[in-house]
Amino acid sequence: MSAADAAMPAAQTRRRRPPAPVPEEREFGRLELLLRLRRNPLTIWRTRHFREPIVAGEGLFGYGVVISDPDAVRHVLVENAANYRKDDLQRAVLAPGLGEGLLTAEGEAWKRARRTLAPLFTPRRVAALAERMTAPTERTVMRMARRRSGRIVDISADMTRVTYDILAETMFSNAIAGGADAFGKALTRYFETQGRIDPLDVLGAPSWLPRIGRWMARPAISFFEAQVKAIIAERQALHAGGSWHPEKPDLLDALLAARDPETGTGLSNAEVGANIVTFIGAGHETTANALTWSLYLTSLAPDVRDALEAEIDAAGEDLAAAALTGERLALTRAVIEEAMRLYPPVPSLSRTALADDMAGACVIPKGALVVISPYLLHRHETLWQAPEQFRPERFLPGAREGISRYAYLPFGAGPRVCIGQQFAMIEAVIVLATLLRRLRFVYAGAEAPMPVQRITLRPGRGMPMRITARRG
Ligand code: HEM
């Protein structure tokens, strides 16, 4: 601890250094590396990864290059993106659940899907969807205020629930065959069993060899897939019968109406289903984690919390409108951006090089695994001042413009940048503002919550917080 830290009150010191695995200098053997990958991939990063712009060498998966140099990041993700495909490990972990969806598609199939789906997330469409986000959020706040006030609860579960409720409303107008609760439970079972890196995937075992976790998940997967099919069939029947006239179409209407602008072809039912699962998979836990860490970090910093509450109280009744215009909730947005800097919901992006390439002075041979880790980039000693400290001011207008586009990548970059980025940011601002308008959250765990990387970055043992009411 530095002399400056020692002079600070304990709460402020904690605020300055939110929890994270402490990197080590030493190199790890293969077995230790495998165990670390299995338990928490964040712990494989050594001190040099936080100091050096590029670290290359033989690793568990053959030759690998870890890139944390913004120019080289731009080269790989944008300028020469065609030379890199999503790596097989990432696809092995995601594809069984996400099928032919946009996140895991490659080549021509991806291009066609991206062209077809892009109009679903234009600013105008997102603004229309934002209006539907307020009601489910208000319901969550009321539920928390009524049932949870004064108690200690795992708020990560509440955040997962609210982002699910918002997706159910924006995606299906909450008209879910078989009921929203059964669907929500099937969804939880489905995603609980995805996202763990199986040692067989790491070792490159063929895909026909059953992975125990996924094999056990099969019944949940089948149930969930049947539910998605039923929802699509029900909506198509409503369209055909002329009894569905939404004033503002939801995402399912938009998926069914989507056409490739080049060929005029629509999506097959299987593709609509895969993209529903993809949007839920990609947009549910990611946003929930961003909110969970935002609440945690705010609870460690009373000065930030007071300023946030003041901003939200002055923002007016219509928080969705305030979230869309931006200025009135600038600090709320900055807190979320800073939370995603310290705890990026997608902590690692990986690609395989299709041909030899150079990124800056670094040679990237054909077949190399290229890792661009937002977690490393966002905490890199050469790119940030006091990278381990929680300072939302970095993202306020005036300061934010100084942050390199390729040093801050919570949503990725280039052609495969997150299609739901605006949707997620508006959603997170609305939820955080609505929660803090009525409730106050204080961290109540015995130990600091350690971030653990699954597909997303979660608190390892949930996020126990005491909730109290601010106003009625
Ligand atoms: C805070 C919330 C979110 C974060 C941090 C996040 C992050 C990301 C990142 C980093 C990627 C790029 C992955 C790569 O390049 O390998 C991505 C892609 C994607 N995201 Fe998000 N996402 C969020 C919310 C959402 C939402 C709400 C949706 C949909 C409703 C969504 C849908 C997608 C899809 C479909 C892709 C694949 C795009 C493509 O490959 O063309 N995401 N996301």
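Sequence order as written defines the numbering, with residues in each chain counted from 1. Per-residue local features are limited, in this predicted model, to residues with pLDDT of at least 70; the limit for side-chain atom pairs, both in listing and counting, is 80 or more; totals at the level of whole chains, interfaces and linings are taken over all residues. Only hydrogens and water are removed before side-chain values are computed, so all heavy atoms of the structure are retained for them.

Under an unreviewed UniProt entry, the chain has the name Cytochrome P450 and belongs to Bosea lupini. Per UniProt, the chain has the following entry under Cofactor (unreviewed entry): "heme". UniProt positions are given in the numbering used here, feature names are shortened, and annotations may be inferred rather than shown by experiment.

Just to check I follow, could you spell out the overall build of the chain for this structure?
Of the regular secondary structure elements, the chain holds 20 helices and twelve strands. Partly exposed residues are those whose accessible area sits between 20% and 50% of the maximum for their type, while under 20% is buried and over 50% is exposed, using a 1.4 Å probe and protein chains only. Burial status across the chain gives 53% buried among its 472 residues. Sequence separation of at least 24 residues holds for 73% of the intrachain contacts in the chain that already meet a minimum separation of 6. For the chain, the computed accessible surface area is about 20600 Å², with 57% contributed by carbon and sulfur atoms. Counting from the N terminus, the helices are the DSSP runs of H or I reaching at least four residues and the strands are the DSSP runs of E reaching at least two. Any two residues whose heavy atoms approach within 4.5 Å at even a single point are treated as in contact. Accessible surface is estimated by sampling points in the Shrake-Rupley manner with a 1.4 Å probe; for residues, cover comes only from the protein chains shown.

For this particular structure, what's the right way to read the coordination of the iron atom of the ligand?
Metal coordination angles have textbook ideals: 109.5 degrees for a tetrahedral set of four donors and 90 or 180 degrees for an octahedral set of six. Only one protein atom coordinates the iron atom of the ligand: Cys-418 (SG), located 2.3 Å from the metal. Residue position: Cys-418 is located in the loop between helix H19 (374-378) and helix H20 (421-438). In this analysis a donor is any N, O or S atom within 2.8 Å of a metal ion (3.2 Å for sodium, potassium and calcium), and since water is not included, sites may seem incomplete.

Would you explain the site of the ligand in this entry?
The full set close to the ligand counts 27 residues, and Trp-110, Arg-114, Arg-351, Arg-416 and Cys-418 are the nearest of them. Here a polar contact is taken to be a pair of N or O atoms separated by no more than 3.5 Å, where protein atoms must pair a possible hydrogen donor with a possible acceptor and residues adjacent in sequence count only if both atoms sit in side chains. Taking Trp-110, its side chain carries an N or O atom lying 2.7 Å from an oxygen atom of the ligand. Among the secondary structure elements, those contributing two or more residues to the shell around the ligand are helix H6 (107-117), helix H14 (269-283), helix H15 (285-300), strand S5 (349-353) and H20. Each residue is assigned to one class: nonpolar for Ala, Val, Leu, Ile, Met, Phe, Trp, Tyr, Cys and Pro, charged for Asp, Glu, Lys and Arg, and polar for all the others, Gly among them. Residue classes in the shell around the ligand are distributed as 16 nonpolar, seven polar and four charged. Near residues are defined by distance, with any heavy atom within 4 Å of the molecule or strand qualifying the residue.

I keep staring at the nonpolar core and nothing clicks. Help me out?
For soluble globular proteins, nonpolar side chains are generally found buried alongside one another. In plain words, nonpolar cores are sets of buried Ala, Val, Leu, Ile, Met, Phe, Trp, Tyr and Cys residues tied together by side-chain atoms within 4.5 Å. Residues Ile-276 and Phe-441 are the most contacted members of the largest nonpolar core, which totals 112 residues. With twelve residues, the single largest contributor to this core is H20. Among all residues touching Phe-441, those that are not within four sequence positions of it are Met-144, Ile-155, Leu-295, Ser-299, Leu-435, Leu-436, Met-465, Arg-466 and Ile-467. Grouped together as the second largest cluster of nonpolar side chains are 19 residues, Ala-353, Val-370, Leu-409 and Ala-413 included.

Looking at this structure, I do not really get the UniProt feature "binding site: heme" (unreviewed entry) in the chain. What am I missing?
In this structure's numbering, the residues bearing the UniProt feature "binding site: heme" (unreviewed entry) are Cys-418. Residues within four places of Cys-418 in sequence aside, it is in contact with Arg-114 and Phe-411.

Looking at this structure, I do not really get the environment of Gly-273. What am I missing?
Mapped onto the secondary structure, Gly-273 falls in helix H14. Looking at Gly-273, the relative accessible area reads 11%, which means it is buried. A C-alpha to C-alpha distance of 9.8 Å links Gly-273 and Gln-227, two positions 46 residues apart in sequence. Other than its neighbours up to four places away in sequence, Gly-273 contacts Val-228 and Ile-232.

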